[in-house]
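Per-entry structural report
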Amino acid sequence: MTQVSMTVNGQAANGDVEGRTLLSSFLRDQLGLTGTHIGCDTSQCGACVVHVNGEAVKSCTMLAVEADGAEVATIEGQAAEDGTLNAIQQAFQDNHGLQCGFCTPGMVMSATALLKDNPKPSEADIRAYLSGNICRCTGYHNIVKSILAASGQDVAGIAAE
Amino acid sequence: MYEFEFEQPSSVADAVAALKAEDALALGGGQTLLATMKQRLAAPSKLVSLSGIGEMKGVSNDGGAVSIGGATTHAAVAAGAGAYPALADMAGHIGDPAVRNRGTIGGSLANNDPSADYPAAALASGATIVTNAREIAADDFFQGMFTTALDEGEIITGVRFPVPEAANYQKFLQPASRFALVGVFVAKTGDGVRVAVTGASEEGVFRWSEAEAALNGTFSAGALEGLSVDADSMIGDMHGSKAYRAHLVGVLTKRAVAAAG
Ligand SMILES: Cc1cc2nc3c(=O)[nH]c(=O)nc-3n(C[C@H](O)[C@H](O)[C@H](O)COP(=O)(O)OP(=O)(O)OC[C@H]3O[C@@H](n4cnc5c(N)ncnc54)[C@H](O)[C@@H]3O)c2cc1C
Ligand code: FES
Ligand code: FES
């Protein structure tokens, strides 16, 4: 066992982990932050995307010990304390960017990383950026629309699908 | 995944020492190795993470060559290798953004996946793979699928790419895996044209010497007319037959030459 300490959503988080403990397991099983989803566990689907030191990573394919000392952000830290959704989350709600919601934490965390680097992405930019995030429900259209809306672009002319 | 010991040294010397333990393995970005360990196809006794070694990170540009630390992520190469645009562009199209934030050039080259992008870039550019022990020319480094000239415990500390006069990489995407179904990297250097093909051959990345000879005559897509690779030695699987891959090699090489100008 190794002691790790990191900051998760702005709060100190410590725990004892094995070498093989994945960051996703540490977040879900030890910290109880089950908003980070495990879809594939093989770095294909992106449901487990979190930010480590500001960068989007697949937490199922990173060891918890590798995040020792890091700043980690998960979906649980995105809304305000009183539950008010942030702009990206709200845009997903307004534009039907989710159906079952399983992929949504990863989608929101990827979208957040995209908008940090590219505040006004084109539709093509968004689709390319989401290439590692798989959604089985929406057909992606409304996810892309949500992110366009979250970046302040006019989506009134884009039909809902 | 079986349990293992974890070490994160801060210098190449300490990493080399740590890798002397029996069944120890280097950990780059873990984007290949962790999946392999989950499947229990690898069961190291110890993982030696290279991500804490500052001297193995970063991109520098010195006198016509781009040098990249062995633990530099694909994202950092995409952002930092602007002096060699075809290389930066290739790095920026590996997998997806989250994979690029973790995966490293050293891990990709050491792994030598037959469909990986970096082996094509290194071989076409005539890059030099620098290890803790020696320098290895790309022509000698790749020795068939998943096989390289690296000795046990040897670490890729950096890679030096001479910047060509013109270059382009054409990746025909296998959209489910994000790897190349076939990829062709063409580089026109002072010493001649080099064409490296990934994703196609059962022997892993290779140089297409007939195309190189034709392009040394005239550097134009037209010079490749009538040339083809032998379909028998190509990979054939559910994603593409041998004949289809052989066809793609020709098409992508022409596109790369046209785009390189
Ligand atoms: C969803 C997905 C999509 C991908 N798409 C692509 C793609 O389009 N194109 C592509 O080329 N690749 C792709 N990859 C692979 C990716 O680029 C990996 O990052 C890369 O193959 C391995 O690099 P790594 O740093 O993660 O190495 P690791 O997984 O940590 O290690 C791989 C192997 O290399 C060894 N190793 C690591 N670093 C070194 C070093 N410096 N010196 C010596 N040995 C070392 C390890 O011991 C291990 O055997 C994809 C991966 C995933 C998960
Ligand atoms: S659970 Fe990590 S990518 Fe699917
Ligand atoms: S909303 Fe169901 S997987 Fe995306």
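Residues numbered from 1 in each chain as written. Chains lettered and ligands numbered in written order. Predicted model: local features only at pLDDT ≥ 70, side-chain atom pairs only at ≥ 80, totals over all residues. Heavy atoms only, no water.

Here the focus is the overall build of chain A. Helix and strand content of chain A: five helices and five strands. Listing every helix and strand of chain A by position from the N terminus yields β-β-α-β-β-β-α-α-α-α. A compact globule built from 161 residues would reach a C-alpha radius of gyration of about 15 Å, and chain A, at 16 Å, matches this within 12%. The 161 residues of chain A split such that 50% are buried. Long-range pairs, those at least 24 residues apart, make up 53% of the contacts in chain A with a sequence separation of at least 6. Looking at chain A as shown, the accessible area adds up to about 7100 Å², and 47% of this sits on carbon and sulfur atoms. Charged side chains of chain A number 8 positive and 17 negative; the gap between the two group centres comes to 8 Å. (Helix = DSSP H or I, 4+ residues; strand = E, 2+ residues; numbered from the N terminus. Rg over C-alpha atoms; globule rule 2.2 N^0.38 Å. Buried < 20%, exposed > 50% of the residue type's maximum accessible area, 1.4 Å probe, protein only. Contact = heavy atoms within 4.5 Å. Areas by Shrake-Rupley, 256 points an atom, 1.4 Å probe, with all protein chains shown as cover. Lys, Arg positive; Asp, Glu negative; His and termini not counted. Charge placed at Lys NZ, Arg CZ, Asp CG, Glu CD.)

Turning next to the pairing of strand β5 (residues 65-69) of chain B. Residues and elements named next belong to chain B. The buried count for β5 comes to five of five residues, which makes it a mostly enclosed element. Residues Ala65, Ser67 and Gly69 line one face of β5 and the alternating positions Val66 and Ile68 line the opposite face, and both faces are buried. Bridging between strand β4 (residues 59-62) and β5 involves four bridges; their strand directions are antiparallel. In the sheet register, Asn61 faces β5, and the bridge partner there is Val66. Hairpin connection of β4 to β5: two residues between the antiparallel strands, including Gly63 at a positive phi of 45°. (Pairing = 2+ DSSP bridges.)

Within the largest apolar cluster, 37 residues are counted, with the highest numbers of intra-cluster contacts made by Tyr84, Leu109, Tyr118, Phe161 and Phe185 of chain B. Elements represented by at least two residues in this core include exactly β5, α4 (85-91), α6 (105-111), α7 (118-125), α8 (138-141), β8 (156-162), β9 (166-173) and β10 (180-189) of chain B. Looking at this core element by element, the count peaks at six residues for α7 of chain B. Each of domain 2 (56-162) and domain 3 (166-260) of chain B accounts for three or more of the residues forming this core. Apart from residues no more than four positions distant in its own chain, Leu109 of chain B is found in contact with Tyr118, Pro119, Ala122, Ile129, Phe141, Phe142, Thr148, Ile156 and Val159 of chain B. Judged by nonpolar contacts, the second largest core, of 28 residues, contains Met6, Ala64, Ala70 and Val72 of chain A. (Core = buried A, V, L, I, M, F, W, Y, C linked by side-chain atoms within 4.5 Å. Domains from an automatic or database assignment.)

Within the structure, ligand 1 sits among 30 residues, and Ala26, Gly29, Leu33, Thr104 and Arg178 of chain B are positioned closest to it. More than a single chain frames ligand 1: its nearby residues are located in chains A and B. A distance of 2.6 Å separates an oxygen atom of ligand 1 from a polar backbone atom of Ala26 of chain B. Between an oxygen atom of ligand 1 and a main-chain N or O atom of Ser108 of chain B, the distance comes to 3.5 Å. Across the complex, the protein chains shield 94% of the 970 Å² of accessible surface that ligand 1 would expose by itself. The set of elements that each furnish at least two residues to the shell around ligand 1 consists of β2 (24-27) and α6 of chain B. Sort the elements by how many residues they give to the shell around ligand 1 and α6 of chain B lands first, with four residues. Partitioned by chemical class, the residues of the shell around ligand 1 number twelve nonpolar, 14 polar and four charged. (Near = heavy atom within 4 Å. Polar contact = N/O pair within 3.5 Å; in protein donor to acceptor, adjacent residues only side chain to side chain. Nonpolar A, V, L, I, M, F, W, Y, C, P; charged D, E, K, R; others polar.)

Residue and element names in this part refer to chain B. What the domain assignment lists for chain B is domain 1 (5-49), domain 2 (56-162) and domain 3 (166-260). Computed from C-alpha atoms alone, the centre-to-centre distance between domain 1 and domain 2 is 19 Å. If you look at the interface, domain 1 gives eight residues, while domain 2 gives ten residues. The contact between domain 1 and domain 2 buries some 710 Å² in all, and 72% of this surface belongs to carbon and sulfur atoms. The tally of links between domain 1 and domain 2 comes to zero salt bridges. Counting across the interface, domain 1 meets domain 2 through zero residue pairs in polar contact (both at pLDDT 80 or more). Classifying every residue of the side of domain 1 that touches domain 2 by side-chain character gives four nonpolar, four polar and no charged. (Buried area = accessible area lost by both parts, 1.4 Å probe. Salt bridge = Lys/Arg side-chain N within 4 Å of Asp/Glu carboxyl O.)

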